[in-house]
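Here are the chains, one letter per residue:
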There are 2 protein chains.
Amino acid sequence: MTYGQKIEALAVPTRRAVLERLIEGPASVGEIADGLPVSRPAVSQHLRVLKDANLVRETKHGTRHIYSLNAEGFQDLRAYFDQFWDGALAALQTAVKASEEQ
Amino acid sequence: MTYGQKIEALAVPTRRAVLERLIEGPASVGEIADGLPVSRPAVSQHLRVLKDANLVRETKHGTRHIYSLNAEGFQDLRAYFDQFWDGALAALQTAVKASEEQ
DNA sequence: AGTATTCGTAAGTCATGACTTACGGACAGA
DNA sequence: TCTGTCCGTAAGTCATGACTTACGAATACT
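All figures in this text were calculated on a predicted structure; none of them were measured in a lab. Counting of residues starts from 1 at the beginning of each chain's written sequence and follows it residue by residue. Here chains are named by letter from A upward and ligands by number from 1 upward, in the order in which they appear as written. In keeping with the predicted nature of the model, local features appear solely for residues at pLDDT of at least 70, side-chain atom pairs appear and are counted solely at 80 or more, and the whole-chain, interface and lining totals rest on all residues. Derived side-chain values reflect all non-hydrogen atoms in the structure, with water molecules and hydrogen atoms excluded from consideration.

Caption draft 1: Examining the protein's contact with DNA strand D more closely. In the vicinity of DNA strand D there are 24 residues, among which Gly30, Ser44 and Tyr67 of chain A together with Ser39 and His46 of chain B approach most closely. Distance and chemistry together define a polar contact, namely a pair of N or O atoms within 3.5 Å, with one atom able to donate a hydrogen and the other to accept it when in protein, and with adjacent residues in sequence counting only for side-chain atoms on both sides. A distance of 3.2 Å separates a phosphate oxygen of DNA strand D from a polar backbone atom of Val29 of chain A. At a separation of 2.9 Å, a phosphate oxygen of DNA strand D approaches a polar side-chain atom of Arg15 of chain B. Counting from the N terminus, the helices are the DSSP runs of H or I reaching at least four residues and the strands are the DSSP runs of E reaching at least two. Within the residue set of the surface near DNA strand D, elements represented by two or more residues are α3 (29-34), α4 (40-52) and β3 (64-69) of chain A together with α2 (13-23) and α4 (40-52) of chain B. Looking at which element gives the most residues to the surface near DNA strand D, the answer is α4 of chain A, with five residues. Basically, the charged four are Asp, Glu, Lys and Arg, the nonpolar ten are Ala, Val, Leu, Ile, Met, Phe, Trp, Tyr, Cys and Pro, and anything else, Gly included, counts as polar. Residue composition of the surface near DNA strand D, by class: seven nonpolar, 12 polar and five charged. In these notes, residues near a molecule or strand are those with any non-hydrogen atom within 4 Å of it.

What follows is the structure in structure tokens.
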């Protein structure tokens, strides 16, 4: 829900690998784990974190749990970065101005 | 240098607080630490991480080390996110198309 | 020279969380 | 019903790193 939660979700390499796998399309837990050097339960735990951060969605087909990217969560994160960068850019402009006046 | 390094630098709340302080303008280590609930050495260590990630610059005036935001590092990070989101968006489009054809 | 600031680093503590294996539940198919 | 598959959770291990205090180096000021 918070920005920090999303950023911290992205900070773990294995979780980024999971997300990059999901860019290629929705996948089940087992399918995701097959492409990674960690166990299936580990992937399951990472998916829980990503789901709590709203970066991923879950739909159940029989015993298979299919995960896919959640655009909404990514947009929120992008909004935060845009806001941060706007602030940073303004600060840098001010700094340039101040050093010119100096 | 790597994207992971930058993202992991942003993942720690105290480091985000340091960066948000720097949006308001360049500051010395002591000034930054005064506004945070951690010790000065802790801030010094965080600044080292941020500097290694190219998110921050250091200039020395006497005994004071002045830190400021580094736009270059943030642009690299933004490029990564843009690329990721473009891929994610394309994936979502494909998913919609596939579900329509189904 | 002597003192005071400002800072980085060393060393050590401690919580967090990324992993593992073991287990049990839920659904599909014979 | 029984077996096999797919998955989440519990419990425990272990490395990482975010903090602390203590110290010493570098510069400024008198």
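Back to the text.
Caption draft 2: Spotlight on α4 of chain A. All names here are of chain A. With 13 residues, α4 extends 18 Å between its outermost C-alpha atoms, agreeing within 8% with the 18 Å of an ideal straight helix rising 1.5 Å per residue. When α4 is considered as a whole, its buried residues turn out to be Ala42, Val43, His46, Leu47 and Leu50. Taken end-on, α4 shows its buried residues confined to a sector of 135°, consistent with a single buried face. Residues of α4 that are exposed and angled more than 90 degrees away from the buried face: Gln45 and Arg48. Every residue pair with non-hydrogen atoms within 4.5 Å of one another is taken to be in contact. Residues of α4 that are buried make contact with α1 (3-10), α2 (13-23), α3, β2 (56-61) and β3. Just downstream of α4 lies Asn54, where phi reads positive at about 65°. Multiplying one less than the number of residues by 1.5 Å gives the expected span of a helix. For the exposure calls, accessible area comes from a 1.4 Å probe over protein chains only, and a residue counts as buried if that area is under 20% of its type's maximum, exposed if over 50%, partly exposed in between. Working definition: the arc comes from the directions between the helix axis and the C-beta atoms, pointing outward to the latter.

Caption draft 3: The pairing of strand β2 (residues 56-61) of chain B, seen in detail. All names here are of chain B. At least two DSSP bridges between two strands are needed for those strands to be called paired. Bridge analysis of β2 against strand β3 (residues 64-69) gives six bridges, and the strand direction is antiparallel. Looking across to β3, one finds that Lys60 is bridged to His65. Hairpin remark: β2 followed by β3, antiparallel, with two residues in the connecting loop; positive phi at Gly62, about 65°.

Caption draft 4: Geometry of the protein's contact with DNA strand C. Neighbouring DNA strand C are 24 residues, the closest being Ser39 and His46 of chain A together with Gly30, Ser44 and Tyr67 of chain B. Among all atoms of DNA strand C positioned within 4 Å of the protein, those belonging to sugar or phosphate total 60%. Taking Ser39 of chain A, its side chain carries an N or O atom lying 2.5 Å from a phosphate oxygen of DNA strand C. His65 of chain B places a side-chain nitrogen or oxygen 3.1 Å from a sugar or linking oxygen of DNA strand C. Secondary structure elements with two or more residues in the surface near DNA strand C: α2 and α4 of chain A together with α3 (29-34), α4 and β3 of chain B. The element best represented in the surface near DNA strand C is α4 of chain B, accounting for five residues. Grouping the amino acids of the surface near DNA strand C by side-chain chemistry returns seven nonpolar, 12 polar and five charged.

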